[in-house]
Amino acid sequence: MGNHLCPTWIGYLLLSPFRKLLENPYKMLGRFVSPGMTVLEPGCAMGFFTLPLAKMVGSNGRVIAVEIQDKMLEVLRRRAKKAGVLDRIELRLANEQSLGVDDLREKVDFAAALHVVHEVSEQACFLKEIWNSLKPGGMLLVIEPKHHVSRKNFARSLAWADKIGFRKQNLSGKFGDRSALLLRPDR
């Protein structure tokens, strides 16, 4: 699914504790995620958001963390084990063509595509796979870095989401102008 892959060494920088000052996972995702949920996180890297998500879903929930780089998943596995949440996280290695989530059809409550859509060459396919995995009424939060993604390119991504059937919802808070909360409507 990759067009531009984040180098593995940057994955370590993304784990910086200082990042929490700008992007606190609990403040960003806490209102969308609750205990017992199934959460899909494509492009999880080394788990900056994954570990907090695993804590938010609790012992009865799960996080499906998808990454195209095995090295990122190796580091995430070690971090999750150390944090005591590995049993709540399912690690999946994606490939150039697919996230590999066909078995999750309508099983996911919430998906978080954080700083990843711009790295995908086939955004329509990527968004369709997420759509298929979401339960009716499920939500997808998309956040893109404005220093990498122009308004025009972000609008293009949202146009793909709209064609697939997602409906944009109001998103209040400090998410920036390259963010959207997308709903898979009930039937």
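Participant: For this particular structure, what's the right way to read helix H7 (residues 151–164)?
Facilitator: Over its 14 residues, H7 extends 20 Å from the first C-alpha to the last, a length consistent with the 20 Å expected when each residue adds 1.5 Å. Every buried residue of H7 is listed here: Phe154, Ser157, Leu158, Ala161 and Ile164. Down the axis of H7, the buried set is contained in an arc of 110°. They therefore lie on one face. Those residues of H7 that are exposed and aimed more than 90 degrees away from the buried face are Lys152 and Lys163. The secondary structure elements touched by the buried residues of H7 are helix H6 (123–133), strand E5 (134–143), strand E6 (167–169) and strand E7 (179–183).

Participant: When you look at the environment of histidine 147 in this model, what are you seeing that I'm missing?
Facilitator: Mapping histidine 147 onto the fold places it in the loop between E5 and H7. C-alpha of histidine 147 to C-alpha of arginine 178: the two residues are 31 residues apart in sequence and 10.0 Å apart in space.

Participant: Explanation requested: the packing of aromatic side chains in the structure shown.
Facilitator: The geometry of an aromatic ring pair comes down to the distance between the two centres and the angle between the two planes. In this structure the tally under the stated criterion is 3 aromatic pairs. Summarising the aromatic geometry, the rings of phenylalanine 32 and phenylalanine 110 are spaced 5.5 Å apart at their centres and angled 10° between planes, so their arrangement reads as stacked. Taken together, the residues span a long stretch of sequence, with phenylalanine 32 in the loop between helix H3 (25–29) and strand E1 (38–42) and phenylalanine 110 in strand E4 (residues 108–114) at a distance of 78 residues. One exposure class covers both phenylalanine 32 and phenylalanine 110, and it is buried. Where phenylalanine 48 meets phenylalanine 49, the ring centres are 4.9 Å apart and the plane angle is 90°; that geometry is what we call edge-to-face.

Participant: Can you help me understand the nonpolar core in this one?
Facilitator: Soluble globular proteins: nonpolar side chains tend toward being buried together. Counting residues in each nonpolar core, the largest one holds 29 residues, and the members touching the most others are Leu29, Val33, Val39, Leu53, Ile89, Phe110 and Leu141. Among the secondary structure elements, those contributing two or more residues to this core are H3, helix H4 (50–57), strand E2 (62–67), helix H5 (70–83), strand E3 (89–93), E4 and E5. At 5 residues, H4 tops the list of elements feeding residues into this core. Ala94, Ile130, Val142 and Ile164 belong to the second largest nonpolar core, which has 28 residues in total.

Participant: Hey, could you run me through the side chain of glutamine 123 in this one?
Facilitator: Locating glutamine 123 in the fold gives a position in helix H6. In this structure the side chain of glutamine 123 is engaged in a polar contact, spanning 3.2 Å, whose partner is the backbone oxygen of valine 117. Of note is the side chain of glutamine 123, whose polar atom sits 2.5 Å from the side chain of serine 157. Setting aside its immediate chain neighbours within four residues, glutamine 123 contacts Val117, His118, Ser157 and Trp160.

Participant: How do you make sense of the sheet that holds E2 when you look at a structure like this?
Facilitator: To summarise the sheet geometry, strands pair through backbone hydrogen bonds and adopt either a parallel or an antiparallel arrangement. Spatial ordering of the open sheet is given by E3-E2-E1-E4-E5-E7-E6, a layout of 7 strands whose pairing is mixed. Looking at the sheet topology across the chains shown, the edges are occupied by E3 and E6. Across this sheet, the average inter-strand angle for adjacent strands is 20°, counted without regard to direction. In this structure, E1 lies alongside E4, joined through 2 bridges in parallel fashion. What sits directly across from valine 39, in E4, is phenylalanine 110. The strands touched by H4 are E1, E2 and E3; relative to E2, the strand with the most contacts, the crossing angle is about 160°. The sheet strands contacting H6 are E1, E4 and E5, and the helix crosses E5 at an angle near 140°.

Criteria and thresholds
Residues numbered from 1 in each chain as written. Predicted model: local features only at pLDDT ≥ 70, side-chain atom pairs only at ≥ 80, totals over all residues. Heavy atoms only, no water. Helix = DSSP H or I, 4+ residues; strand = E, 2+ residues; numbered from the N terminus. Expected span 1.5 Å × (residues − 1). Buried < 20%, exposed > 50% of the residue type's maximum accessible area, 1.4 Å probe, protein only. Arc of directions from axis to C-beta. Contact = heavy atoms within 4.5 Å. Phe/Tyr/Trp six-rings, centres within 6.5 Å; stacked < 30°, edge-to-face > 60°. Core = buried A, V, L, I, M, F, W, Y, C linked by side-chain atoms within 4.5 Å. Polar contact = N/O pair within 3.5 Å; in protein donor to acceptor, adjacent residues only side chain to side chain. Pairing = 2+ DSSP bridges. Axes fitted to C-alpha atoms, helices over the stretch in contact; angles between N-to-C directions.

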